[in-house]
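Geometric and topological summary
Residues per chain are reported as follows:
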Amino acid sequence: GIAMIRPIVKDVLFLEQKSEPATKEDKSIITDLMDTLRANLHGCVGLAANMIGFRKTILVFAVGGNMIVPMVNPVILRKEKPYPAEESCLSLEGSRETTRYETIEVKYLDANFNEKTQVFNGFVAQIIQHEMDHFEGIII
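Now for a quick tour of the structure. The residue numbers shown here count from 1 along each chain, following its written sequence. Restriction of local features to residues with pLDDT of at least 70 applies here, the model being predicted, together with a cutoff of 80 or more for giving and counting side-chain atom pairs; totals for whole chains, interfaces and linings are based on all residues. Here the side-chain values reflect all heavy atoms present in the structure, with hydrogen atoms and water set aside.

1. With respect to the overall build of the protein chain
The cut-off we apply is this: Counting from the N terminus, the helices are the DSSP runs of H or I reaching at least four residues and the strands are the DSSP runs of E reaching at least two. Radius of gyration here is computed from C-alpha atoms only, and the compact-globule reference equals 2.2 Å multiplied by the residue count raised to the power 0.38. The rule is simple: take the accessible area with a 1.4 Å probe, protein chains only, and divide by the maximum for that residue type; under 20% is buried, over 50% is exposed, in between is partly exposed. Only heavy atoms enter the contact rule, under which two residues are in contact if any of them lie within 4.5 Å.
A count of helices and strands for the protein chain gives 3 helices and 5 strands. Computed over the C-alpha atoms, the radius of gyration of the protein chain is 14 Å, within 12% of the 14 Å expected from 2.2 N^0.38 for a compact globule of 140 residues. Dimensions of the protein chain along its principal axes, counting C-alpha atoms only, are 40 × 35 × 30 Å. Burial analysis of the protein chain (140 residues in total) assigns 48% to the buried set. In the protein chain, the share of contacts with a sequence separation of at least 24, taken over all contacts with a separation of at least 6, comes to 64%.

2. A few points about the environment of Met71
Residue position: Met71 is located in strand E3 (residues 67-89). Looking at Met71, the relative accessible area reads 0%, which means it is buried. Once the C-alpha coordinates of Met71 and Leu109 are considered, the two residues, 38 residues apart in sequence, prove to be 5.9 Å apart.

3. What to know about helix H2 (residues 27-39)
Where we set the bar: Each residue after the first adds 1.5 Å to the expected span of a helix.
For H2, built from 13 residues, the straight-helix expectation of 18 Å at 1.5 Å per residue is met to within 8% by its first-to-last C-alpha distance of 19 Å. Within the span of H2, buried status applies to Ile29, Ile30, Asp32, Leu33, Met34, Asp35, Thr36 and Leu37.

4. Looking at the nonpolar core
Defined as follows: Remark: nonpolar core denotes a set of buried residues (Ala, Val, Leu, Ile, Met, Phe, Trp, Tyr, Cys) joined through side-chain atoms within 4.5 Å.
Formed by 23 residues in total, the largest nonpolar core has its most connected members in Leu33, Leu37, Leu47, Ile58, Val60 and Val72. Counting residues per element, the ones that place at least two in this core are helix H1 (12-15), H2, strand E2 (58-63) and E3. Looking at this core, the element that brings in the most residues is H2, giving 5 residues. Counting 15 residues, the second largest nonpolar core, distinct from the first, contains Leu59, Met71, Ile104 and Phe135.

5. Concerning helix H3 (residues 122-135)
Taking 1.5 Å per residue as the helical rise, H3 with its 14 residues ought to reach 20 Å, and the 21 Å between its terminal C-alpha atoms agrees with that figure. With 13 of 14 residues buried, H3 is to be regarded as a mostly interior element. Backbone geometry just downstream of H3 places Gly137 in the positive-phi region, at approximately 80°.

This is the structure we're talking about:
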């Protein structure tokens, strides 16, 4: 399909709204998110769907430079080893302090809506937690 690089939403009122679970009708959002992240890789390693204008619980993150992984309706099953983190976000200026977990176990659907459960550590775990905050309307 055609790459749909969407503008990054900076409207705080929109970003503060909670996201709703995604369904198979939302499949095009996954592609748009992946395309938009690919276009923003110089300054960004993860995106939540509301950052491109869709209030759905879909996120994407980059691993190893160019591989982009989508997660649909992720749920954190387990989190271990809290630590203080300072983060910034494409949607806002500046940074804020928050608590993240070194290890998380996540249940999610992949781009084909197959259920997966996977453990993530370190920076990738941190990105996932950051994007999941967007689903709750939490902005940095």
